[in-house]
Each structure stands twice: as structure tokens, then as C-alpha cells.
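The chain contents come next:
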Amino acid sequence: MRVLIVEDEPYMAEAIRDGLRLEAIAADIAGDGDTALELLDLNTYDIAVLDRDIPGPSGDEIAERIVASGSGMPILMLTAADRLDDKATGFALGADDYLTKPFELHELALRLRALDRRRAHHRPPVHELAGLRLDPFRREVYRGGRHVALTRKQFAVLEVLVAAEGGVVSAEALLRRAWDENADPFTNAVRITVSALRKRLGEPRIIATVPGVGYRIDVPPGGNGATGRDGGTREGGAAGGNRG
């Protein structure tokens, strides 16, 4: 298990990290809201441990961003605010658990493991297509057994393309599903993200451009089935088009 600790008191954060390591739980530290958002964009975490009162975007704002991302990442609020209305506000923001300071590290570890077990019952299936393995739960991508590090936006675009199972997805559809409702319909963000995604995935190029239509995963002949965790194969729709 890998968790993100968002805590602005350095000694407290380091003590939590070191204590969790003794419990075989890996942890990264963010001392402010901006660093937390940056780490969440770069890395895959199983749980976020948030102090609500931090510099930059607050713990509440971080929680809202996590919930809005649709990742399903559990959130544990870790704060000195112990009034019932404080807890109610935290849960309303999307927190899954609440632990007030001071606390025992062993109790924190127990709560983290409980959240991880609870989440395991709702894990979406792993998708495999054309040599790609995409795990929506862990937000991980592998190509030919090689781990591919992606930003959150790159992962979101790839997830939509893989779900299409070789079918064409328009730039407009990608913009609707991987960006928020405030995205500029005339932006070139989709093209830029797809270009960066191609570089991350490496050669041979696997994302094809269908001129005037959109993008698709280039599924080789006889390999257009997408396999979920249960091992079953679903027939995907194929669309013609030249590689872009």
C-alpha cells in the first residue's frame, strides 16, 4: 500500500511516514496543497491522509479535487479539529474516515488497512488491449510488461481509448470525458495530450489518428479482444483509418 500524507508540520509528517514504514506501508509527504496536487498528478496512491489546515489549497480543497477526479481514492482526514460539526463537514467533502490529533500510529495503520480492504471490493476490472494493461484501480499502465508513468490527464485519455476497444473516439468525446465542463471546445489540449501519450507509450506507435474523425488504439489483426480481470474476452469494434 502507498499513501500520500498531506501535513505541514515536518516533524509530525516524518514521524507518520517512519511509523507507517514499520507497518509496511509506503508513504510520501506533501507539506502544502500545491505539492499535494503535484504528487497526486505524478504518482498513484491507494489512500490520501489529509490535514485540513495546510498552506496553499486546503485539505478540504484537496479532498474535493480527489473526489472530482473519479479515482475513488479513499480519504482519511487527520486533524486537530475534533468537533462533531468539523467531522460532519469533512465527511460531506468526501472523507471516508476521520482521525483526530493526537493519535496512535498503530491506530492510523489499522484504519488505512481497513480503507484499503473496503476499496478492494469495488475495484474496476483491469483492461488489456493490444499489449496494453490498464489498471483503473491502481491507476497503472503497462505495455509489454513495462510500466509506463503517465500524468492523470494522459491516463484519463488512454482509459477512454482503451474502453473503446479499437473504436474511434473523437477529440470532442475525449474533451468531454477527460476534461471538465469548463474546457474550451476550441483548445488543442487533446492533440497535445495524445502526442505526449504516444511518446510515453513508445514505439511502435499504438494510438492511431483517423483523419477528420478522431483517435483509436491500433489493434493488430486477430488481437481486437479486450480482456477484463475475469479473463473473459469481449469483442471490440474496429474502425478503419490511417495511422497518424
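These numbers were taken from a predicted model, which means no experiment stands behind them.

Q: Got a sec to walk through helix H7 (residues 171–178)? Specific residues and values, please.
A: Residue pairs three or four apart in sequence face the same way in an α-helix, which turns once every 3.6 residues. Of the positions making up H7, those classed as buried are Ala173, Leu174, Leu175 and Ala178. Those residues of H7 that are buried lie in contact with helix H6 (152–163), helix H8 (189–201) and strand S11 (214–217).

Q: Go over the sheet that holds strand S5 (residues 97–100) with me, naming the residues and quoting the values.
A: With parallel pairing, five strands are arranged side by side in an open sheet as S2-S1-S3-S4-S5. Looking along the sheet, the strands with just one partner apiece sit at the ends: strand S2 (26–30) and S5. Sheet twist, expressed as the average angle between the axes of neighbouring strands with direction ignored, equals 20°. Both strand S4 (residues 75–79) and S5 contribute to a ladder of four bridges, which runs parallel. Each residue of the ladder has a partner; that of Thr79, found in S5, is Thr100.

Q: Account for the packing of H6 against H8, with residues named and values stated.
A: Where H6 contacts H8, the axes come no closer than 10 Å and their chain directions differ by 90°. On the basis of the axis angle, H6 is roughly perpendicular to H8. Where H6 abuts H8, its residues Lys153, Gln154, Val157 and Leu158 lie against Thr193, Val194, Ala196, Leu197, Arg200 and Leu201. Of the residues belonging to the contact of H6 with H8, the class tally is six nonpolar, two polar and two charged.

Q: Tell me about the pattern of salt bridges, and name the residues and values.
A: Counted by the stated rule, this structure contains 11 salt bridges. Of the charged contacts in the structure, one is a salt bridge between Asp60 and Arg52, with a shortest N-O distance of 2.8 Å. Relative accessible area serves as the criterion here: at 13%, Arg52 is assigned to the buried category. Shared partners join several salt bridges into a network, and the residues in it are Glu7, Asp51 and Lys101.

Q: Before we move on, could you go through unusual backbone geometry and cite the residues and values that matter?
A: Working note: non-glycine residues mostly have negative phi, and peptide bonds are mostly trans. Cis geometry marks the peptide bond from Lys101 to Pro102, where omega comes out at -5°. The omega torsion of the bond from Glu203 to Pro204 falls at -5°, within 30 degrees of zero and hence cis. Relative to the assigned elements, Pro204 resides in the loop between H8 and strand S10 (207–210). Even without a glycine there, the phi angle at Ala130 is positive, about 50°. Tracing the backbone shows Ala130 in the loop between strand S6 (127–129) and strand S7 (132–135). Phi is positive for Glu165, which is not a glycine, with a value near 55°. As for its placement among the helices and strands, Glu165 is situated in the loop between H6 and H7. Taking relative accessible area as the criterion, Glu165 reaches 9% and is therefore assigned buried.

Q: Could you give an account of the pairing of strand S1 (residues 2–6), with specific residues and numbers?
A: Counting buried positions along S1 yields four of five residues, so the element is predominantly enclosed. Of the pairings in the sheet, the one linking S1 to S2 comprises five bridges and is parallel in character. Pairing of Arg2 across the sheet is with Ala26, part of S2. One crossover worth recording links S1 to the parallel S2 by way of helix H1 (residues 10–22), and it is right-handed. One ladder, built from four bridges, connects S1 with strand S3 (residues 47–50); its direction is parallel.

The rules we used
- Residues numbered from 1 in each chain as written.
- Predicted model: local features only at pLDDT ≥ 70, side-chain atom pairs only at ≥ 80, totals over all residues.
- Heavy atoms only, no water.
- Buried < 20%, exposed > 50% of the residue type's maximum accessible area, 1.4 Å probe, protein only.
- Helix = DSSP H or I, 4+ residues; strand = E, 2+ residues; numbered from the N terminus.
- Contact = heavy atoms within 4.5 Å.
- Pairing = 2+ DSSP bridges.
- Axes fitted to C-alpha atoms, helices over the stretch in contact; angles between N-to-C directions.
- Parallel < 35°, antiparallel > 145°, perpendicular 65-115°, else oblique.
- Nonpolar A, V, L, I, M, F, W, Y, C, P; charged D, E, K, R; others polar.
- Salt bridge = Lys/Arg side-chain N within 4 Å of Asp/Glu carboxyl O.
- Right-handed = clockwise from strand over helix to strand, strands pointing away.

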